[in-house]
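Close look at the chain arrangement
Chain residues, written in single-letter form:
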Amino acid sequence: MRRIILASASPRRRQLLEQAGIKFELMTSTEEETAQGESPQETVMMLSRRKAENVEKRTWGDRTIIGADTVVAIDGKILGKPADDEQALAMLTMLQGNVHQVYTGVTIIEDRKGSRNIHTFYRKTDVEMYPEDEPVLRKYIATGEGRDKAGSYAIQGLGAVFVRSICGDYNNVVGLPASEIWQYLFGRKNRDRG
């Protein structure tokens, strides 16, 4: 049986793979999330590959490793995780009343019988936010929910009240396009490529 390893400490990514019925092990990547590509797309693909390769170096045998990274971007500018409440407020203020993008890069490394295959891709979801005033944003920030989230909010939590609409994969905004990963690993395309 194929050993699948998720190279992430994210409880959200773990939950999304579990919901997709994928049996996997967890191994946290020790790779720093500091790379910066020329675009959000390049950045998330570069970081996802580094995470997957970091875990690959620390494992052996036939295995499939999934690395992922998610960023929020507005007008091409990447918004990472906030350093403090004031930075969170600045990010949320930028997003209010606007459309921003959530990019998730995924790298799947398959090591089987001495053969190595790397598949790296990204998915983008557009998110439109309602306009809100500072007291409401500060109240949300005080909950602490957005402290470890790109863009300072969690669409799967209280932050959902700020979202007017999305265009694209909801799970991508949460942190992992799980259906696409399932299709790649177990879907018809996988069966066709043998």
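See above for the structure.
Residues numbered from 1 in each chain as written. Predicted model: local features only at pLDDT ≥ 70, side-chain atom pairs only at ≥ 80, totals over all residues. Heavy atoms only, no water.

Re the layout of surface pockets
If a probe the size of a water molecule is rolled over the atoms, the empty space left behind becomes visible. Its boundaries defined by the atoms lining it, the largest pocket holds a volume of some 670 Å³. R13, E33, D69, T70 and K81 are, among the 36 residues lining the largest pocket, the residues nearest its centre. Of all the secondary structure elements, the ones that give two or more residues to the lining of the largest pocket are α1 (11–19), α2 (40–56), β3 (63–74) and α5 (170–174). A total of five residues in the lining of the largest pocket trace back to one element, the largest contributor, which is β3. (1 Å grid on protein atoms, 1.4 Å probe; cavity = no way out; pocket = protein on both sides within 12 Å on 5 of 7 lines; lining within 4 Å. Points joined across faces, edges and corners; volume = space filled by probe spheres on them. Helix = DSSP H or I, 4+ residues; strand = E, 2+ residues; numbered from the N terminus.)

Examining the nonpolar core
If you look at the biggest cluster of nonpolar residues, it comprises 37 residues, and the most contacted ones within it are I66, V106, I108, Y153 and I181. Ranked by residue count, the leading element in this core is helix α3 (residues 85–95), at five residues. Apart from residues no more than four positions distant in its own chain, V106 is found in contact with S48, I66, G67, A68, H119, T120, F121, L176, P177 and I181. Counting six residues, the second largest nonpolar core, distinct from the first, contains I5, A52, I65 and I109. (Core = buried A, V, L, I, M, F, W, Y, C linked by side-chain atoms within 4.5 Å. Buried < 20%, exposed > 50% of the residue type's maximum accessible area, 1.4 Å probe, protein only. Contact = heavy atoms within 4.5 Å.)

A few points about empty space enclosed by the protein
Tallying each qualifying case throughout the model produces one cavity of 30 Å³ or more. Here the largest cavity defines a volume of roughly 50 Å³. At the level of elements, α3 and α4 (134–142) are the ones that each hand at least two residues to the lining of the largest cavity. The biggest single contributor to the lining of the largest cavity is α3, with three residues. Looking at the lining of the largest cavity residue by residue, the classes come out as four nonpolar, three polar and two charged. (Nonpolar A, V, L, I, M, F, W, Y, C, P; charged D, E, K, R; others polar.)

Topic: helix α6 (residues 178–186)
Three or more residues of α6 are buried, namely A178, I181, Y184 and L185. All buried residues of α6 project into a common sector of 125 degrees when viewed along the axis, lining one side. (Arc of directions from axis to C-beta.)

Some words on α4
Among all positions in α4, only L137, Y140 and I141 are buried. The arc enclosing the buried residues of α4, seen along the axis, measures out at 100 degrees, which places them on a common side. Every exposed residue of α4 that faces more than 90 degrees away from the buried side is listed here: P135, K139 and A142. Lining the buried residues of α4 we find α3.

A closer look at the pattern of salt bridges
This structure, assessed with the given rule, holds 15 salt bridges. Between R116 and E56 there is a salt bridge, with the nearest N and O atoms lying 2.8 Å from each other. With R116 in strand β6 (residues 115–129) and E56 in helix α2, this pair connects stretches of sequence that are 60 residues apart. On the accessibility criterion, R116 (44% relative accessible area) is partly exposed. E86 is the partner of R138 in a salt bridge, and the nearest nitrogen-oxygen pair spans 3.0 Å. Of this pair, R138 sits in helix α4 while E86 sits in helix α3, placing them 52 residues apart in sequence. Salt bridges sharing partners connect three or more residues here, namely R49, E53, E56 and R116. (Salt bridge = Lys/Arg side-chain N within 4 Å of Asp/Glu carboxyl O.)

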